[in-house]
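Each chain, written out:
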Amino acid sequence: MSDIIRRDPRAEWIARNRLHPLHAAMQPAQHSWMGPNGIIRKNLHGIGFIGPNGIKRIDRSGAQQGGAVKRTAAVDVQLPLRQVPAPAFYISVVPDMVGGRLSRHDRDLLGLAHQLAGQDGAVLAVIFGEHKESAFATAGVDRLLVLEGEQFSGYAPEQRVQGLRAVDNQFNPRHWLLPDSRSGGGELGRRFAAALGERPATRVWQVKDQECIGRAGAGLQDLARPVSRLILAAAECAEPVSETRHEALPVELSTSVVRSLSRIEDLGAVAVDPAAIPMAEAEFIFSGGNGVKDWALFHETAATLGATEGASRVAVDDGFMARDRQVGASGTWVTARVYVAVGISGAIQHLQGIGACDKVVAINLDPGCDMIKRADLSVIGESAEILQALIEAVAAYRNEAKRDAA
């Protein structure tokens, strides 16, 4: 048999044709890539990836068994349980918990906490008020402290600092980690540092060799300094925990938090026009594409949901939306917590632009389009019918809430 490697023109054509049903199977798996902060990220959930604990990710779809796709029930991998019965020290993390759930920034922070904790330390998560998170164990929380009470609700940085000082007195953490974000962590961390008399390390994107490396000079330079007791970390500061389960044991304060006389009066949230929110800062984006035929209904649905409007490049080029509403690599990269794509097939530039979104909902007629494959929740059907049903459902929910309040 000849050793000459023969080309397969048909396979090459399929690899170039993104719309071909076998296109995805012809693409090489991306095992690592560089994030916006220069950190090499690894695909921890990729098929064949072996984590630090020796667990190998398997193909749950059955596509590797016999070369054919088998529709079998997914078998969840039981991650090993990490227990710290008697921690030698604590690493305290105060996540933002935007919307009552851990964000990607929070999970990166917990990953950094486990780097500092090592084998003997435990990660203590401090949460204010009620939350909706149910995955503390898989996110890397060894101990969970929830500070409840109406004094911590709303915008109450002074009272929260008092709560953190009580935690500091009881647990004496070796390090405090807070997200250096605009969602509250940046301000709270600086207030807490002033209360403790500590000099915090800010905008930290890496902790290595007993040094904190943070951004400086408008993000153009790196500043290295010894590891501080209080660290305000940026996004992608570390890989999130994904190879272990943790106990997330609830703990309590031995003493009540002293209630201070607040010099700040919280007047509640200010109503903001969603159209005035910059796309890069919006948390809920309702985006339309070529599949939207009734744009008046689209605008009505976005207003009913209170979402910021976005669009694909096709919709912008056709004049249905302004250029500053374009989402994608050629428009605006967005980091919304919820992104709803209506009638968007999912061009590669658009998928790149929504890569950092937490939850993606797709409404489309084509069940095989790339946006449906990317989405966490898909609705197959005519967009006009679905949007009208969505408006009616929201109106019924609000009317029921008004009756219950009365």
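Residues numbered from 1 in each chain as written. Predicted model: local features only at pLDDT ≥ 70, side-chain atom pairs only at ≥ 80, totals over all residues. Heavy atoms only, no water.

### Things to note about the pattern of salt bridges
Thinking step 1. Following the criterion strictly, the structure yields 17 salt bridges and no others.
Thinking step 2. With a closest N to O distance of 3.2 Å, Asp-358 and Arg-104 form a salt bridge. Of the two residues, Asp-358 sits in the loop between helix H8 (348-353) and strand S17 (359-364) while Arg-104 sits in helix H2 (residues 104-117), which places them 254 residues apart along the sequence.
Thinking step 3. You can call Asp-358 partly exposed: its relative accessible area is 23%.
Thinking step 4. For Asp-324, the salt bridge identified is with Arg-325, shortest N-O distance 3.8 Å. (Salt bridge = Lys/Arg side-chain N within 4 Å of Asp/Glu carboxyl O. Helix = DSSP H or I, 4+ residues; strand = E, 2+ residues; numbered from the N terminus. Buried < 20%, exposed > 50% of the residue type's maximum accessible area, 1.4 Å probe, protein only.)

### Some words on the nonpolar core
Thinking step 1. Ranked by internal contacts, the top residues of the largest apolar core, which has 28 residues, are Phe-136 and Leu-177.
Thinking step 2. At the level of elements, strand S4 (90-93), H2, strand S5 (122-128), helix H3 (136-139), strand S8 (201-208) and strand S11 (230-233) are the ones that each hand at least two residues to this core.
Thinking step 3. Top element by residues in this core is H2. It accounts for six residues.
Thinking step 4. Other than its neighbours up to four places away in sequence, Leu-177 contacts Ile-91, Ser-92, Val-93, Val-94, Leu-109, Leu-112, Ala-113, Leu-116 and Ile-231.
Thinking step 5. Within the second largest apolar cluster, 25 residues are counted, among which are Val-94, Ala-122, Ala-166 and Val-257. (Core = buried A, V, L, I, M, F, W, Y, C linked by side-chain atoms within 4.5 Å. Contact = heavy atoms within 4.5 Å.)

### A word on the confidence of the model for the chain
Thinking step 1. Confidence in the prediction for the chain averages 84 pLDDT; 83% of positions are at 70 or higher.
Thinking step 2. Note on residues 58-76: pLDDT is under 50 here. Beyond four places in sequence and across chains, it has 16 contacts. (pLDDT = per-residue confidence, 0-100.)

### A closer look at the packing of helix H4 (residues 157-171) against helix H5 (residues 185-196)
Thinking step 1. Interaxial distance between H4 and H5 falls to 10 Å at its minimum, and their mutual angle equals 55°. One finds that H4 runs oblique with respect to H5. In the crossing of H4 with H5, the sense of the turn from one axis to the other is right-handed. Every residue of H5 that contacts H4 at Pro-157, Glu-158, Arg-160, Val-161, Leu-164, Arg-165 and Asp-168 is listed here: Glu-187, Leu-188, Arg-191, Phe-192, Ala-195 and Leu-196.
Thinking step 2. Along the lines of polarity and charge, the residues of the contact of H4 with H5 split into seven nonpolar, no polar and six charged. (Axes fitted to C-alpha atoms, helices over the stretch in contact; angles between N-to-C directions. Parallel < 35°, antiparallel > 145°, perpendicular 65-115°, else oblique. Left-handed = near helix turned anticlockwise from the far one by under 90°. Nonpolar A, V, L, I, M, F, W, Y, C, P; charged D, E, K, R; others polar.)

### What to know about the packing of aromatic side chains
What describes a pair of aromatic rings is the distance from one ring centre to the other and the angle between the planes of the rings.
Thinking step 1. In total, this model carries six aromatic pairs according to the counting rule given.
Thinking step 2. A ring pair is formed by Phe-128 and Phe-152, whose centres lie 5.4 Å apart and whose planes are at 45°; its orientation type is tilted. Taken together, the positions of Phe-128 in strand S5 and Phe-152 in the loop between strand S6 (143-147) and H4 put the pair 24 residues apart, joining distant regions of the chain. Per residue, the accessibility class of Phe-128 equals that of Phe-152, and both read buried.
Thinking step 3. Of the aromatic side chains, those joined through ring pairs into one cluster are Phe-286, Trp-295, Phe-298 and Phe-320. (Phe/Tyr/Trp six-rings, centres within 6.5 Å; stacked < 30°, edge-to-face > 60°.)

### Focus: H5
Thinking step 1. Here H5 contains twelve residues, and its C-alpha end-to-end distance of 16 Å stays within 8% of the 16 Å for a straight helix at 1.5 Å per residue.
Thinking step 2. Buried residues of H5: Gly-185, Gly-186, Leu-188, Gly-189, Phe-192 and Ala-193, and no others. Along the axis of H5, the buried positions cluster into a sector of 165°, meaning they face one direction only.
Thinking step 3. Looking at the buried side of H5, the elements it contacts are S5, H4, strand S7 (175-179) and S11.
Thinking step 4. Two residues or fewer after H5 comes Gly-197, characterised by a positive phi angle close to 75°. (Expected span 1.5 Å × (residues − 1). Arc of directions from axis to C-beta.)

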